[in-house]
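# Overview (structure and organization)
Chain by chain, the residues:
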Amino acid sequence: FRMACDDDPADILSRRALVTLLGQLSSDPSLRGDGAAAAESARARVAAIDALLPHAADDDEKTALLLERFFAERHELRDHRAAAGTAELLVEATGESLWAMESAALLWAGAGAMGFAARWASAVADHDALPGGPAEASAWRAAAARWFWAAGEEQRARELAVSAHKDAPADDYLAALALRT
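Residues numbered from 1 in each chain as written. Predicted model: local features only at pLDDT ≥ 70, side-chain atom pairs only at ≥ 80, totals over all residues. Heavy atoms only, no water.

## Details of the packing of helix H7 (residues 114-125) against helix H8 (residues 133-150)
Let me state the cut-off plainly: Every angle, taken between N-to-C directions, lies between 0 and 180 degrees, and every axis is a line fitted to C-alpha atoms, over only the stretch in contact when it is a helix. Here a helix means four or more residues in a row that DSSP labels H or I, a strand means two or more in a row labelled E, and each is numbered from the N terminus. Any angle that is under 35 degrees is reported as roughly parallel, and any over 145 degrees as roughly antiparallel; angles of 65 to 115 degrees are reported as roughly perpendicular and all others as oblique. Handedness of a crossing follows from how the near helix is turned relative to the far one, being left-handed for an anticlockwise turn of less than a right angle and right-handed for a clockwise one. When checking whether two residues touch, look at their non-hydrogen atoms; a contact exists if any pair is within 4.5 Å. Three classes are used, and their members are as follows: Ala, Val, Leu, Ile, Met, Phe, Trp, Tyr, Cys and Pro are nonpolar, Asp, Glu, Lys and Arg are charged, and the others, Gly among them, are polar.
Orientation of H7 relative to H8, taken along the N-to-C sense of each, is 160°, at an axis distance of 8 Å. Classified by the interaxial angle, the pair formed by H7 and H8 is roughly antiparallel. Between H7 and H8 the crossing geometry is left-handed. Residues Met114, Gly115, Ala117, Ala118, Arg119, Ala121, Ser122, Val124 and Ala125 of H7 form the contact with H8, whose participating residues are Ala137, Trp140, Arg141, Ala144, Trp147, Phe148 and Ala150. When grouped by side-chain class, the residues that make up the contact of H7 with H8 number 12 nonpolar, two polar and two charged.

## What to know about the packing of aromatic side chains
Stated precisely, the cut-off is as follows: Only centres within 6.5 Å qualify two rings of Phe, Tyr or Trp (six-membered ring in Trp) as a pair; their planes then separate them into stacked at under 30 degrees, edge-to-face at over 60, and tilted for everything else.
The full count for this structure, using the stated rule, is three aromatic pairs. Measuring from ring centre to ring centre gives 4.8 Å for tryptophan 108 and phenylalanine 116, while their planes differ by 35°; the resulting arrangement is tilted. Ring pairs connect the aromatic residues Phe70, Phe71 and Trp99, which therefore count as one cluster.

## Here's the deal with the side chain of threonine 63
Filter applied, for reference: Relative accessibility under 20% of the residue-type maximum defines a buried residue, over 50% an exposed one, and the middle range a partly exposed one, all with a 1.4 Å probe and only protein chains included.
Here threonine 63 shows up in helix H4 (residues 59-76). Under the relative-accessibility criterion, threonine 63 is labelled buried at 14%. In contact with threonine 63, other than residues within four places in its own chain, are Leu90, Ala93 and Thr94.

## Re the pattern of salt bridges
Applicable threshold: Take a side-chain nitrogen of Lys or Arg and a carboxyl oxygen of Asp or Glu: if they are within 4 Å of each other, that pair is a salt bridge.
For the structure shown, the criterion picks out eight salt bridges. Linking glutamate 73 and arginine 69 is a salt bridge whose minimum nitrogen-to-oxygen distance equals 3.5 Å. Within this pair, glutamate 73 and its partner arginine 69 are both found in helix H4, separated by four residues, close to a single helical turn. Note on glutamate 73: relative accessible area 6%, which makes it buried. Taking the shortest distance from any N to any O, the salt bridge between arginine 141 and aspartate 126 comes out at 3.1 Å. Pair noted here: arginine 141 is in helix H8 and aspartate 126 is in the loop between H7 and H8, with a separation of 15 residues, a long-range link.

## Describing the nonpolar core
Selection rule: The nonpolar core is taken to be a set of buried Ala, Val, Leu, Ile, Met, Phe, Trp, Tyr and Cys residues, with the residues joined through side-chain atoms within 4.5 Å.
If you look at the biggest cluster of nonpolar residues, it comprises 48 residues, and the most contacted ones within it are Trp108, Trp120, Trp140 and Trp147. Not counting the four nearest positions on each side in its chain, tryptophan 108 is found in contact with Arg81, Ala84, Gly85, Glu88, Ala113, Phe116, Ala117 and Trp120.

## As for the side chain of threonine 86
Within the secondary structure, threonine 86 sits in helix H5 (residues 80-93). Note on threonine 86: relative accessible area 0%, which makes it buried. Beyond its immediate stretch of four places on either side in the chain, threonine 86 contacts Leu66, Arg69, Phe70 and Glu73.

## A closer look at the environment of alanine 168
Mapped onto the elements, alanine 168 comes out in the loop between helix H9 (154-167) and helix H10 (172-180). Each residue touching alanine 168, except ones within four places of it in the same chain, is listed here: Ser138 and Leu174.

## Observations concerning H4
The line we're drawing: Each helix should span, by expectation, one fewer than its residue count multiplied by 1.5 Å. Pairs of N or O atoms are called polar contacts if they sit within 3.5 Å, as long as, within protein, a hydrogen donor faces a hydrogen acceptor (for residues adjacent in sequence, only side-chain-to-side-chain pairs).
Look at H4: 25 Å from first C-alpha to last across 18 residues, which is about the 26 Å you get at 1.5 Å a residue. All of the buried residues along H4 are Glu61, Thr63, Leu65, Leu66, Arg69, Phe70, Ala72 and Glu73. Its side-chain oxygen placed 3.2 Å from the backbone nitrogen of aspartate 60, aspartate 58 serves as the N-cap of H4. Where H4 terminates, the next one or two residues include arginine 78, which has phi positive at roughly 55°.

Right, dumping it as structure tokens:
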């Protein structure tokens, strides 16, 4: 299938088959002992997905491909930066789903990009569908303030911490954060 894709870049059927085949290979038990081979298989699958994405038939196929890429980057390659970028694409592809926004925030934090993490944490805090309601929103605002501070954006961190503390005056962590910043 790889040669068919190289011979005819418009051969979408071969591209889809290649992505499927590489996905099946990634679960091959013989690769579990060889980390380099497993990583190479995951990188090949991500490259095949990237080649297929511009040809996705509809939004559902695009979302499915992005999900597959996300899980390969996150779990097989353990590349937080790449997975965070894909999570951002999934936010748009899924209509701002909460889990994609949370994933973007946490993965950017894991990659050490605190400014990006803080922006996504702020967006999560403002999301309408937080299952924990105001308490969860308060926790995400505290994380955003902390990450803005870690990113060197002290003014933004201070404004967010003080504002969040006004919304949840009983939250001792927010109070300490508001005083610290």
